[in-house]
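Fold and contact review
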Amino acid sequence: MNDVTYDTIIRGGRWFDGSGSASAVRDIGLRGGHVAAISAEPLDVGDCPEVIDAAGHWVLPGLIDIHTHYDVEVLGGPALTESLRHGVTTIMLGSCSLSTVYVDGTEAGDLFGRVEAIPREHVISAVDGHKTWNSCREYIAALEARPLGPNVAAFIGHSDMRTATMGLDRATRADERPTRAEQARMEDMLAEALDAGMVGMSSQQLLFDKIDGETCRSRTLPSTYAKPRELRRLKALLRRSGRILQSGPDIANPVNVGSQVFSSLGLFRKKLKTSLLSAADVKANPYAVTIMGPLAGLVNRFGGDFRWQHLPVPFEVYADGIDLVIFEEFGAGAAALHLRDEVERNALMRDEAYRRRFRKEYESKLGIRVWHRDFFDAQIVACPDAAVVGKSFGEVGTDRGGLHPVDAFLDLVLEHGRALRWRTTISNHRPEILKKLAAEPGVQMGFSDAGAHLRNMAFYNMGLRLLRHVRDAQRAGREFMTIEAAVHRLTGELADWYRLDAGHLRIGDRADLVIIDPEKLDGSLDDYAEEPVAQYGGLSRMVNRNDATVAAVLVGGATVFRYGRTTDLVGAERTGSFLRAGVPVPARHRELSHAG
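Since the structure is predicted, the reported quantities are computational estimates derived from the model, not experimental observations.

1. Topic: empty space enclosed by the protein
- Counted according to the given criterion, the structure contains four cavities of 30 Å³ or more.
- Its boundaries defined by the atoms lining it, the largest cavity holds a volume of some 70 Å³.
- Of all elements in the fold, only β6 (63–65) and α18 (462–475) reach the threshold of two or more residues within the lining of the largest cavity.
- At three residues, β6 tops the list of elements feeding residues into the lining of the largest cavity.
- Its residues placed into classes, the lining of the largest cavity shows nine nonpolar, one polar and one charged.

Set out below in structure tokens:
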């Protein structure tokens, strides 16, 4: 027994500390936003204002999402409840070279709108309506003044800095280079961001991420135009500070991928911590995944510090009509998405010359790609014509007298527009490969894209789905990873690599945690759901709903969710903190105690 008082006591749950160590049934006492006691004996609940019964449940550190695009949503909806409800208590902003530190609303709309499938007009409204900052320190202060739900950490985006320095037009021209003064300004921006506590810089070399708007429409992101010298000078700042480069490679160029992997090496200089985006086990190239682990292992054995960023669940995407980013990777698809006017786009899709081009590119086996380009592997899930629902576009073509799958697809888009909804799985479709990747030390669990692609995908609960995969394999006698190791991969491993005060649940640690009912790690994690987003004009976005699985979520010791329902704190008070790299968040009280 213990006569010390606590703000909250969590009783009798199976406790995981986030380090991979053995779990155990414990009582946990929280005080001042931190863990004050972890006891094998029952804690005295007599004067405790909140007691949570966790018997039969798992109590683990709050999950960490290292790849989101909440940069716009956090301005007007800082509670970020779609992540919180699934036990995610720390999220990372500023991915893929995109952030909202320096750009104005119109520039942000052009950068985020098409690439991340967030309505451009709402991006402009959010940034222009909320922006009061002109530096990283002021940006961080503005976030800390908001009622943040989860903790937030951030990259500074290279495209953000390049646009603010050169202007969007010059920053997206292949024949333009930053002047010496502009290069120096970007370096000053990055240095200030690192000094303010940002985890590093994100860049982008992927060439099918396209700009929205009118002036620079369909050009690739500004970061893709940077030449080696510009990037080397920025990377030098990251090397010296020990901070991180997040990057998206040009997958069509193996030399680019290789150079980014091997740039992590510290030969005759400090190593560069590098996290590279990956679609992992893509259907379009089933052999690429076999070199990921060995390549990361090779670089790390020779002094690098490199990680692939990987979504640990099947990469299933949905689309309304032709509005899906995968069409950006080949000419005919990009040509359709370039046209904002529906009449013009429809005229293009009716044109037989355009269709011949689409069919040719669809059938081409040359080059490296993300989308497998197989309309027989694309299922219609909603359409005014009920006769086609449940069928693939290839099957519809067969039913219509042997019509080519491309023509069947384009015909249905012309007939029904965005009312035609369909889905396909691009990658991570083989469970055995997912198991191998989950255990691969050169792979990080991430890449949820939370807050982006609102109508296309929902991976807010990817951590829970990985835990289910591990638990199910264990129960079937085919264990590929312990539950403790899986929790570590989703929490402490990420926090330690990014140097964040998160991801652990030990005495003295921040009380960011999630309580899970392992018996509810079930099919509800896969169920389809939608929810309107008020700040995006009521746009209905894809979400996850598995409210029985997550019994409670606490951030900084404050309960923010109980069985799918927010508490009164959410959106009214700040429970999360801005996490600065390498800097612990101070406790409100430090009198901590062991209780057995």
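2. Details of the pairing of strand β8 (residues 151–157)
- Counted residue by residue, β8 has seven buried out of seven residues, so it is predominantly covered.
- Here β8 shows no split at all, with Asn 151, Ala 153, Phe 155 and Gly 157 on one side and Val 152, Ala 154 and Ile 156 on the other all buried.
- Note that strand β7 (residues 88–93) and β8 share four bridges and pair parallel. Residue pairing across strands places Met 92 opposite Ala 153, the latter belonging to β8.
- Alignment of β8 against strand β9 (residues 200–204), held across three bridges, turns out to be parallel. Of the residues in β9, the one forming a bridge with Phe 155 is Gly 200.

3. Some points on a positive patch on the surface
- Taken together, Arg 180, Arg 229, Arg 232 and Arg 269 make up a surface patch of like positive charges.
- With respect to the helices and strands, Arg 229 occurs in helix α9 (residues 228–241).

4. Section: the UniProt feature "domain: Amidohydrolase" (unreviewed entry) in the protein
- If you check UniProt for "domain: Amidohydrolase" (unreviewed entry), the listed places come out as residues 50–239 in our numbering.
- Across residues 50–239 one finds 41% helix and 15% strand; the C-alpha atoms that close the span lie 46 Å apart.

5. Notes on the domain arrangement of the protein
- The domain boundaries assigned to the protein delineate domain 1 (63–315 + 427–503) and domain 2 (317–424).
- Glu 214 is the salt-bridge partner of Arg 340, the closest N and O atoms lying 3.2 Å from each other.

6. Here we look at the packing of helix α5 (residues 136–144) against helix α8 (residues 180–196)
- Packing of α5 against α8 brings their axes to within 8 Å, and their N-to-C directions diverge by 40 degrees. The angle between α5 and α8 places the two elements in the oblique class. Together, Cys 136, Arg 137 and Ile 140 of α5 and Glu 192, Ala 193, Asp 195 and Ala 196 of α8 make up the contact between the two elements.
- Its residues assigned to classes, the contact of α5 with α8 comprises four nonpolar, no polar and three charged.

7. Comments concerning the packing of aromatic side chains
- Across all of its chains, the model carries 24 aromatic pairs by this definition.
- Each ring, one from Phe 306 and one from Trp 308, has its centre 5.0 Å from the other, and the planes form 90 degrees; the classification is edge-to-face. As far as burial versus exposure is concerned, Phe 306 and Trp 308 are alike and both buried.
- A ring pair is formed by Phe 327 and Trp 422, whose centres lie 6.1 Å apart and whose planes are at 65 degrees; its orientation type is edge-to-face. Of this pair, Phe 327 sits in the loop between β13 (315–320) and α12 (331–338) while Trp 422 sits in strand β15 (residues 421–427); the two residues are 95 residues apart in sequence, bridging distant segments of the chain.
- For Trp 422, a relative accessible area of 1% gives the class buried.
- Every member of this aromatic cluster is reached through a ring pair, and the members are Phe 327, Phe 330, Tyr 354, Phe 358, Tyr 362, Trp 371, Phe 375, Phe 393, Phe 409 and Trp 422.

8. Considerations on the environment of Leu 84
- Turning to its location among the elements, Leu 84 is positioned in helix α2 (residues 81–84).
- With sequence-adjacent residues up to four places away left out, Leu 84 is seen in contact with Ala 79, Gly 149, Pro 150, Val 553, Val 555, Val 560 and Phe 561.

9. What about the sheet that holds strand β12 (residues 305–310)?
- What the eight strands build is an open sheet, ordered β6-β7-β8-β9-β10-β11-β12-β16; its pairing is parallel. The sheet is open, and its two edges are formed by β6 and β16 (443–445), each paired on a single side. In this sheet, adjacent strand axes meet at a mean angle of 30 degrees when their direction is disregarded.
- Pairing analysis gives five bridges linking strand β11 (residues 273–277) to β12, with the strands arranged parallel. Across the sheet, Ser 275 pairs through a bridge with Arg 307, a residue of β12.
- Sheet strands touched by helix α6 (residues 158–166): β8 and β9. Its angle to β8, the strand with the most contacts, is close to 50 degrees.
- Taken strand by strand, helix α10 (residues 254–262) contacts β10 (244–248), β11 and β12, and its axis lies near 150 degrees from that of β11.

10. Section: a nonpolar patch on the surface
- A cluster of nonpolar side chains, contributed by Phe 262, Leu 298 and Phe 302, occupies part of the molecular surface with about 290 Å² of accessible area.
- If you trace the backbone, Phe 302 turns up in the loop between α11 (289–301) and β12.

11. Considerations on the packing of helix α13 (residues 342–350) against helix α14 (residues 352–363)
- With their axes 5 Å apart at the nearest point, α13 and α14 run at an angle of 70 degrees to one another. Our classification of the angle between α13 and α14 gives roughly perpendicular. Residues Leu 348, Met 349 and Arg 350 of α13 form the contact with α14, whose own contacting residues are Glu 352, Tyr 354 and Arg 355.
- A class-by-class count of the residues in the contact of α13 with α14 yields three nonpolar, no polar and three charged.

12. So, the side chain of Arg 162
- Summarising the element assignment, Arg 162 is placed in helix α6.
- Accessibility expressed as a relative area gives 0% for Arg 162, which makes it buried.
- The contact partners of Arg 162, leaving out residues within four places of it in the chain, are Gly 167, Ala 171, Glu 176, Pro 178, Met 186, Pro 222, Ser 223, Tyr 225, Ala 226 and Glu 230.

13. Thoughts on the sheet that holds strand β14 (residues 379–382)
- Taken in spatial order, the three strands of this open sheet run β13-β15-β14, and their pairing is antiparallel. Whereas interior strands pair on both sides, the edge strands pair on one side only; in this sheet they are β13 and β14. Averaged over all pairs of adjacent strands, the angle between their axes in this sheet comes to 35 degrees, without regard to strand direction.

14. Thoughts on the nonpolar core
- Ranked by internal contacts, the top residues of the largest apolar core, which has 99 residues, are Leu 60, Leu 93, Ile 156, Leu 190, Trp 308 and Leu 467.
- Among the elements that line this core, the one with the most residues is α8, at six residues.
- When neighbours within four sequence positions are excluded, Leu 60 is seen to be in contact with Phe 16, Leu 467, Val 487, Leu 505, Asp 512, Leu 513, Val 514 and Ile 516.
- Core analysis: the second largest hydrophobic core is formed by 44 residues, Val 317, Ala 332, Tyr 354 and Tyr 362 among them.

About the criteria used
Every chain is numbered independently, its residues counted from 1 as its sequence is written. With the structure being a predicted model, the display of local features is reserved for residues of pLDDT at least 70 and the display and counting of side-chain atom pairs for 80 or more, all residues being used for whole-chain, interface and lining totals. Values reported for side chains reflect all heavy atoms of the structure, with hydrogen atoms and water molecules removed beforehand. A 1.4 Å probe that fits into a set of points on a 1 Å grid over the protein atoms alone but cannot get out defines a cavity; an open set with protein on both sides within 12 Å along at least five of seven lines defines a pocket, and lining residues are those with an atom within 4 Å of a point. Grid points are joined across faces, edges and corners, and a volume is the space filled by probe spheres set on the points. Numbering of helices and strands runs from the N terminus; a helix is a DSSP stretch of H or I covering at least four residues, while a strand is a stretch of E covering at least two. Under the scheme applied here, ten amino acids are nonpolar (Ala, Val, Leu, Ile, Met, Phe, Trp, Tyr, Cys and Pro), four are charged (Asp, Glu, Lys and Arg), and all others, including Gly, are polar. For every residue, the accessible area (1.4 Å probe, protein chains only) is compared with the maximum for its type, and the residue is labelled buried under 20%, exposed over 50%, or partly exposed between those bounds. The criterion for strand pairing is that DSSP finds at least two bridges linking the strands in question. For patch detection, residues must exceed 30% relative accessible area and be free of salt bridges, and they are connected within 9 Å for like charges or within 5 Å for nonpolar side chains (Val, Leu, Ile, Met, Phe, Trp, Tyr). Exposure was quantified through the Shrake-Rupley algorithm and a 1.4 Å probe, taking into account, for residues, occlusion by the shown protein chains and nothing else. Just to be clear on terms, a salt bridge is a Lys or Arg side-chain nitrogen sitting within 4 Å of an Asp or Glu carboxyl oxygen. We treat Lys and Arg as the positive residues and Asp and Glu as the negative residues; His and chain ends play no part in the count. Working definition for charges: the position is that of NZ of Lys, CZ of Arg, CG of Asp or CD of Glu. UniProt positions are given in the numbering used here, feature names are shortened, and annotations may be inferred rather than shown by experiment. Domains are outlined according to an automatic or database domain assignment. Only C-alpha atoms enter the line fits that serve as axes; for helices the fit covers just the stretch in contact. Angles between N-to-C directions range over 0 to 180 degrees. Oblique is the label for any angle not covered by the other classes, which are roughly parallel (under 35 degrees), roughly antiparallel (over 145) and roughly perpendicular (65 to 115). Here, residues are in contact when the closest pair of their heavy atoms is within 4.5 Å. Between 30 and 60 degrees the pair is tilted, below 30 it is stacked and above 60 it is edge-to-face, where a pair is any two Phe, Tyr or Trp rings, Trp via its six-membered ring, whose centres lie within 6.5 Å. The definition of a nonpolar core used throughout is a set of buried Ala, Val, Leu, Ile, Met, Phe, Trp, Tyr and Cys residues joined through side-chain atoms within 4.5 Å.

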